[in-house]
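Listed below, chain by chain, are the residues.
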Amino acid sequence: MIPADLPGRAQELLGHVFSDPRLLVTSLTHSSVANSRVESNERLEFLGDAILGMVVCEELYRRFGDWLEGDLTKVKSVIVSRRVCAEIADKTSLSDLLILGNGLGGRANLPPSLRAAVYEAVIGALFLDGGLDPAKRYILQTMT
């Protein structure tokens, strides 16, 4: 069951009012509680991962104009890693908003992959709802 205040809390946390709040709820819904995997955050995670990579690559390209491709790639791989995305999800309290099934053993035991996935899924939802600008703004705010 989705708490009634969840969309409002999430929108406040993200700094974006969704024109389609269903996208937001889907981005927070783990497959353990969704009616089907298509209704979970997995597809949004896929999209968000690509957007995250693009935004980070652009930022690195702009900031480090004298770095070679190999150096940029190494830094990018650390920044978009599962570990870093999970840490951001925790630091921003996004992990607390994840809608989970009963069989996952509680929030204290959430693996980094689930915490990272919700971060990427939210990025995908921001992109679909408002375009690149809100997604990019959120990424840059949370990555620094």
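This write-up is about the structure you can find in this document.

Cut-offs and rules
Residues numbered from 1 in each chain as written. Predicted model: local features only at pLDDT ≥ 70, side-chain atom pairs only at ≥ 80, totals over all residues. Heavy atoms only, no water. Helix = DSSP H or I, 4+ residues; strand = E, 2+ residues; numbered from the N terminus. Buried < 20%, exposed > 50% of the residue type's maximum accessible area, 1.4 Å probe, protein only. Core = buried A, V, L, I, M, F, W, Y, C linked by side-chain atoms within 4.5 Å. Contact = heavy atoms within 4.5 Å. Axes fitted to C-alpha atoms, helices over the stretch in contact; angles between N-to-C directions. Parallel < 35°, antiparallel > 145°, perpendicular 65-115°, else oblique. Nonpolar A, V, L, I, M, F, W, Y, C, P; charged D, E, K, R; others polar.

**Some details on unusual backbone geometry**
Next up, step 1: Unusually for a residue other than glycine, Ser93 sits at a positive phi of about 70°.
Next up, step 2: By secondary structure assignment, the location of Ser93 is in the loop between helix H5 (82-91) and helix H6 (112-130).
Next up, step 3: For Ser93, a relative accessible area of 32% corresponds to the partly exposed category.

**Description of the environment of Val17**
Next up, step 1: Position of Val17 among the secondary structure elements: in the loop between helix H1 (6-14) and helix H2 (21-27).
Next up, step 2: Expressed as a C-alpha distance, the spacing of Val17 and Gly130, which sit 113 residues apart in the sequence, is 9.2 Å.

**Let's talk about the nonpolar core**
Next up, step 1: Counting residues in hydrophobic clusters, the biggest one holds 39 residues, and the most contacted among them are Leu28, Leu52, Leu94, Tyr119, Ile123 and Tyr138.
Next up, step 2: Counting residues per element, the ones that place at least two in this core are H1, H2, helix H3 (42-63), H5, H6 and helix H7 (132-143).
Next up, step 3: Excluding anything up to four places from it in sequence, Tyr119 contacts Leu52, Cys85, Ile88, Ala89, Leu94, Tyr138, Ile139, Thr142 and Met143.

**Regarding H5**
Next up, step 1: Considered for burial, the residues of H5 that qualify are Val84, Cys85, Ala86, Ile88 and Ala89.
Next up, step 2: Residues of H5 that are buried sit in contact with H3, helix H4 (69-79), H6 and H7.
Next up, step 3: Ser93, located one to two residues past H5, shows a positive phi value of around 70°.

**Notes on the packing of H5 against H6**
Next up, step 1: At a minimum axis separation of 7 Å, H5 and H6 run at an interaxial angle of 70°. Looking at the two axes, H5 sits roughly perpendicular to H6. For the pair H5 and H6, the contacting residues are Arg82, Cys85, Ala86, Ile88, Ala89 and Asp90 in the first and Pro112, Ser113, Arg115, Ala116, Val118, Tyr119 and Glu120 in the second.
Next up, step 2: Residues belonging to the contact of H5 with H6 are distributed by class as follows: eight nonpolar, one polar and four charged.

**Digging into the packing of H6 against H7**
Helix packing for two helices is described by the angle between their axes and how far apart those axes are.
Next up, step 1: Orientation of H6 relative to H7, taken along the N-to-C sense of each, is 150°, at an axis distance of 6 Å. Accordingly, the angle class assigned to the pair H6 and H7 is roughly antiparallel. The segment H6 lies against H7, with Tyr119, Val122, Ile123, Leu126, Phe127 and Gly130 engaging Leu132, Pro134, Ala135, Tyr138, Ile139, Thr142 and Met143.
Next up, step 2: Its residues assigned to classes, the contact of H6 with H7 comprises 11 nonpolar, two polar and no charged.

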